[in-house]
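Here is what each chain is made of, one letter per residue.
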Amino acid sequence: ECPGTGSAQAGRAAACQGCPNQGMCAAGPDPAEAAELRTRLRAVRHTVLVLSGKGGVGKSTFSALLAHGLAADETKQVALLDIDICGPSIPKMMGLEGEQVHQSGSGWSPVYVEENLGVMSVGFLLSSPDDAVIWRGPKKNGLIKQFLRDVDWGEVDYLIVDTPPGTSDEHLSIVQYLSATHIDGAVIVTTPQEVSLQDVRKEINFCRKVKLPIIGVVENMSGFVCPKCKNESQIFPPTTGGAEKMCKNLNVSLLGKVPLDPQIGKSCDRGQSFLAEAPESPATLSYRNIIQRIQEYCEQHHFQEEKIM
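Residues numbered from 1 in each chain as written. Predicted model: local features only at pLDDT ≥ 70, side-chain atom pairs only at ≥ 80, totals over all residues. Heavy atoms only, no water.

- The name given to the protein chain in an unreviewed UniProt entry is NUBP1 factor, with Pomatostomus ruficeps as the source organism.

Notes on the overall build of the protein chain
Point 1. Scanning the protein chain from N- to C-terminus turns up 11 helices and 12 strands.
Point 2. Relative to a compact globule of 309 residues, whose C-alpha radius of gyration would be 19 Å, the protein chain shows 19 Å and is just as compact.
Point 3. Structurally, the protein chain occupies a C-alpha span of about 60 × 45 × 45 Å along its principal axes.
Point 4. Per-residue burial for the protein chain yields a buried fraction of 50% across its 309 residues.
Point 5. Residue pairs in contact within the protein chain that sit at least 24 positions apart in sequence constitute 76% of those at least 6 positions apart.
Point 6. Across the protein chain, 29 positive and 36 negative side-chain charges occur, with their mean positions spaced 7 Å apart. (Helix = DSSP H or I, 4+ residues; strand = E, 2+ residues; numbered from the N terminus. Rg over C-alpha atoms; globule rule 2.2 N^0.38 Å. Buried < 20%, exposed > 50% of the residue type's maximum accessible area, 1.4 Å probe, protein only. Contact = heavy atoms within 4.5 Å. Lys, Arg positive; Asp, Glu negative; His and termini not counted. Charge placed at Lys NZ, Arg CZ, Asp CG, Glu CD.)

Observations concerning the nonpolar core
Point 1. Counting residues in each nonpolar core, the largest one holds 86 residues, and the members touching the most others are Leu49, Phe62 and Ile294.
Point 2. The element contributing the most residues to this core is helix α3 (residues 59-71), with 7 residues.
Point 3. If near-sequence neighbours (up to four positions away) are discounted, Leu49 is found in contact with Val161, Ile174, Val175, Leu178, Ile183, Gly185, Ala186, Val187 and Leu212. (Core = buried A, V, L, I, M, F, W, Y, C linked by side-chain atoms within 4.5 Å.)

Regarding the UniProt feature "domain: AAA+ ATPase" (unreviewed entry) in the protein chain
Point 1. Listed under "domain: AAA+ ATPase" (unreviewed entry) in the UniProt record, and renumbered for this structure, are residues 45-216.
Point 2. Along residues 45-216, the helical share is 33% and the strand share 25%, with 19 Å between the first and last C-alpha atoms. (UniProt positions renumbered as here; feature names shortened; annotations may be inferred.)

Some thoughts on the sheet that holds strand β2 (residues 78-82)
Point 1. Here we have 8 strands laid out as an open sheet, ordered β5-β6-β2-β7-β1-β8-β9-β12, and mixed in their pairing. Each of the sheet's edge strands pairs with one partner strand only, and the pair in question is β5 (111-114) and β12 (254-257). In this sheet, adjacent strand axes meet at a mean angle of 20 degrees when their direction is disregarded.
Point 2. Against the sheet, helix α6 (residues 169-178) engages β1 (44-51) and β7 (156-162), with an angle of about 165 degrees to β1. (Pairing = 2+ DSSP bridges. Axes fitted to C-alpha atoms, helices over the stretch in contact; angles between N-to-C directions.)

What about the pairing of β5?
Successive residues of a regular strand alternate their side chains across the two faces of the sheet.
Point 1. Sheet topology places β5 next to strand β6 (residues 117-121); 3 bridges connect them, and they run antiparallel. Along β6, the bridge assignment pairs Val111 with Val119.
Point 2. The turn linking β5 back onto β6 is made up of 2 residues.

Some thoughts on the pairing of β1
Point 1. Burial within β1 is extensive, with 7 of its 8 residues counted as buried.
Point 2. Of the strand pairs in this sheet, β1 and β7 are connected by 6 bridges, and their pairing is parallel. Residue pairing for β7: Thr47 is matched across the bridge by Leu159.

Some thoughts on a negative patch on the surface
Point 1. Where like charges cluster on the molecular surface, the negative patch consists of Asp73, Glu74, Glu114 and Glu115.
Point 2. Here Glu114 shows up in strand β5. (Patch = residues over 30% accessible without salt bridge, like charges linked within 9 Å, V, L, I, M, F, W, Y side chains within 5 Å. Areas by Shrake-Rupley, 256 points an atom, 1.4 Å probe, with all protein chains shown as cover. Salt bridge = Lys/Arg side-chain N within 4 Å of Asp/Glu carboxyl O.)

Right, here's the structure in full:
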């Protein structure tokens, strides 16, 4: 069993044999590389990772709406980094499909949705949205490092990192590279059914092994209220108690439950903010409560770090 990247046995335990990241884990962070990343990211105040062990639970949708929700405060500068190398959906969701990355003297420039909301994704580097990215781990790791080291993020209040499903190369890389600076924590997205919760438990275990703080869990697609008859249906029945019971069992916070709303998918396909298009939707109200809780956690985390320093 993986000892975790923060363990003294990282890269050296019997379970590490054959792992493609064994050499990187055993060597630990490169001091020069860590210093370079610290310099580039020193103006990033808060970093939040959005994770899920399961694909298709709405993780990228949540990342996009979290970025939109935070950027609604025009005094805040928000950056959204998409490290889902093989399935970059953030450009489409943010209305940036077809945009290109520009190089300046200070590095790659993010693509901006608004003046205070910048985005970076491998999707901007492809000649077509239909191009397949067929890369092995080392090349993925190299691009993630490049996104952190070579993108001119500038002064950023919140850096949101949208990750692919699972607990593999991209996740290990982003945690190791960001350990040179700081991560406020991870938001883990699930849906209510056991087939999703099974993988999310693995994700929580991953976070604990790599010493990544867990901000909390979001239960997405948590029921559907018919707009005509107002009856609620459980599209994904919580046969084992859903995210609420899992959070109690594993001692993590449940940030909130987001009900299904067909408008969410339509807004994402058009590259628009669902929060702005459907301000009265129960899903929007739930998102806003969750975003507020994440902001409160980050501010408290920042305050505690300042006290320690």
